[in-house]
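Residue-level structure breakdown
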2 protein chains.
Amino acid sequence: MTTTIADEPPARRNATPGPERGGGATLADVARLADVSRATASRVLAGRAAGKSASHARVLAAAEELGYVVNGLARSMMGVGRRSIAFVSSIMVGPTFATMAGGAEDIATAKGHLFTMCTTGGDLDREAALIETLSEQRVAAVLLVGSTPATEEFERRAQGYSDTLARVGARLILCGRAALPEHPQIASIDYDHRGGVRSGVEHLVGLGHRRIAFVGSLDDMTTPHQRFLGYQDGLADAGIEFDADLTVQSGNSSDDAASATVAFIERHPEVTAMVCQTDVMAVGVCRALHDAGIAIPAQISVVGFDDMQLVADLTPSLTTVRAPFHRVGELAGRIAVGGVYDGPAVLPVELIVRGSTGPVRA
Amino acid sequence: MTTTIADEPPARRNATPGPERGGGATLADVARLADVSRATASRVLAGRAAGKSASHARVLAAAEELGYVVNGLARSMMGVGRRSIAFVSSIMVGPTFATMAGGAEDIATAKGHLFTMCTTGGDLDREAALIETLSEQRVAAVLLVGSTPATEEFERRAQGYSDTLARVGARLILCGRAALPEHPQIASIDYDHRGGVRSGVEHLVGLGHRRIAFVGSLDDMTTPHQRFLGYQDGLADAGIEFDADLTVQSGNSSDDAASATVAFIERHPEVTAMVCQTDVMAVGVCRALHDAGIAIPAQISVVGFDDMQLVADLTPSLTTVRAPFHRVGELAGRIAVGGVYDGPAVLPVELIVRGSTGPVRA
DNA sequence: TTGTAAGCGTTATCAT
DNA sequence: ATGATAACGCTTACAA
């Protein structure tokens, strides 16, 4: 004997990591239990039912009883529902990224969007794959954060990202990265890397310094490069000739900067000030100088960049450049949620003078 | 004359912030252009077509020409496609959260999930709304991160979160928060707050300290409370009677801790060591002591918690407790992506002895 | 290998 | 106020 149960649902598939189907109650279940149509149930649950009829209460009760949770994915397919804003950076830790992310998230969630964070680990292929994935998920916008290679090849990549995103109605926004003049449809919210370092050098020059070194990664990424240019600007302003021997290459860790400094200072005892690409490097520089018995700022002044937490608490406290990271995130977020974008923004930075810089000794 | 175009699509709706519909090409468009069925197009594009027929190439070409981007939302409805892992914390900045997030993100993206970060700003209503929203979006799991109120009311809330998530096949995972014994289905990956502070006190006792103060926020949140208990444990171990007068209340900013210390140390000059709930507080304590002309560690030793970046570079460098934040994130991530959970985990922490602690002077 | 057809869980249209 | 019904864009038996 063969028994056929008419309304037996078909076997459920179960493909991870896909959303589990058939898990909870659906709108149809609620409607059935409340003895109304799906349309009515939908209206009631979305709070867009006219008055409150008898069915109104029944629908609510049924939803409650069944533990109904509306399927946002299905809603999205109808053109309602939430879109995500994506934040793509090379790495997640680090006060600068986190602060920018915080600014963007504030705006995004205030507007009812979800906020997705992705890291690339600096891998451009991963970055491209990520943009593709995010497009598939129909994000509202992608914030591409931080430094990028300052190459034509990258510009082509970015154009590709922008094109892919545009196909799904999403926008690409660069954060903390200068606009690409050839690609005006790619938005950019940046801060004044170059002017910041320049003002640091200016400050030192005002204190009488002339032999000023620069510590940085000196690669072709935008952030290092812009900051390096700011150093050169500062020298030029003061009529000091740029001397390539006074640039110190270092990775962005305090240990790297410390060992680079040890080697450097031995060759160049005449230097009276060191300008660093980042606070992290500056901290390493300070440690190396201290260990070498060189007094800060009596013998050598040090300037950082980023004004990260705790550098004010170092001994001596660090003179550095403060950038409005949170504000950068906010502005980018505003564009991401549909605000108007009228051209690249470059937010001003501020030199915070503290104890690590002082007059050059006579 | 009335002209009716048969295949004219209906007018598109356009409700922000919902995903823009009708934007790009659909699978049907690709199939039409390639002159195959949607099924074939789907198979080819998903790379699950058998061999490579003539149509194979045509589909690829059509997709390319149309700039087709598969709709991941629609895929999700079929049970395939990516689910997100959500990371919910009170705030985004802060090295501990960011590091945990990094660990979780590593695992999540490696398994093809998206990673969504949401902040509550410490608002429990926002937290509840967020859980609801994330359930609607059919996340795979929610990582609830950091301290929570240690109250029965919170346990009820958490149970509610867990229930809502369970309805959509998702899991709730506490990170950096002890398990709730009454609610074993809520997973927990925690680290040893209590043991960490205890070992700090033990270290001080070993150096001869007896008058040891505790600086913390002293509220009913789990993290502060656990760390406070660790302080009491440490005292008890050494047979030192707990003296409530030696607890200092402070907000979690170095400025707060500094001003609290100023007031405290005047009343209690007999204290020879201060154990702090966080590194941030410890830094404030150090600054206040330094400004008051009290030498660290000669006159007073200081212990922190978290081992955040740069505390090793302070003068003196900070003795603190290092917790495996990245690992906590990884383990939580592993459960989130479907790994087995066999009971609460409490990861060990490590006391990092540096320059801020020394023997009590004779 | 390919096509047909039946979903997935919503919302919107348009009658009633 | 409510209910049929048709989308939305995709996947996948099942049949050819």
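Residues numbered from 1 in each chain as written. Chains lettered and ligands numbered in written order. Predicted model: local features only at pLDDT ≥ 70, side-chain atom pairs only at ≥ 80, totals over all residues. Heavy atoms only, no water.

In this section: the interface of chain B and chain A. With 62 residues of chain B in contact, the opposing surface of chain A contributes 62 residues. Summing both partners gives a buried area of about 5800 Å² for chain B against chain A, and 59% of it is carried by carbon and sulfur. On the chain B side of the interface with chain A, the three residues burying the most area are Val69(B), Arg138(B) and Leu310(B), jointly 11% of the side's total. Put simply, chain B and chain A have two salt bridges between them. (Contact = heavy atoms within 4.5 Å. Buried area = accessible area lost by both parts, 1.4 Å probe. Salt bridge = Lys/Arg side-chain N within 4 Å of Asp/Glu carboxyl O.)

A few words on the protein's contact with DNA strand D. Taken together, 30 residues surround DNA strand D, and among them Thr40(A), Ser55(A), Leu27(B), Tyr68(B) and Arg75(B) come closest. Atoms of DNA strand D within 4 Å of the protein belong to the sugar or the phosphate in 62% of instances, the rest to bases. Within the contact set of DNA strand D, a base nitrogen lies 2.9 Å away from a side-chain nitrogen or oxygen of Arg43(A). Interatomic distance of 3.3 Å between a backbone N/O atom of Asn71(B) and a phosphate oxygen of DNA strand D. (Near = heavy atom within 4 Å. Polar contact = N/O pair within 3.5 Å; in protein donor to acceptor, adjacent residues only side chain to side chain.)

On to the protein's contact with DNA strand C. In the vicinity of DNA strand C, 30 residues are found, and the nearest of them are Leu27(A), Ser42(A), Tyr68(A), Thr40(B) and Ser55(B). Here the atoms of DNA strand C within 4 Å of the protein split so that 65% fall in sugar or phosphate, with bases taking the remainder. Take Ser42(A): an N or O atom from its side chain is 2.5 Å from a phosphate oxygen of DNA strand C. Within the backbone of Ser37(B), a nitrogen or oxygen atom sits 2.8 Å from a phosphate oxygen of DNA strand C. The set of elements that each furnish at least two residues to the surface near DNA strand C consists of α2 (38–45) and α4 (72–77) of chain A together with α2 (38–45) of chain B. Looking at the surface near DNA strand C, its residues break down into 12 nonpolar, nine polar and nine charged. (Helix = DSSP H or I, 4+ residues; strand = E, 2+ residues; numbered from the N terminus. Nonpolar A, V, L, I, M, F, W, Y, C, P; charged D, E, K, R; others polar.)

So, on to the sheet that holds strand β9 (residues 301–303) of chain A. All names here are of chain A. The sheet built from four strands is open, its strands ordered β7-β6-β8-β9 with parallel pairing. The open sheet has two edge strands with one neighbour each: β7 (247–249) and β9. Sheet twist, expressed as the mean angle between neighbouring strand axes with direction ignored, is 20 degrees. As paired strands, strand β6 (residues 212–216) and β7 are joined by three bridges and run parallel to one another. (Pairing = 2+ DSSP bridges. Axes fitted to C-alpha atoms, helices over the stretch in contact; angles between N-to-C directions.)

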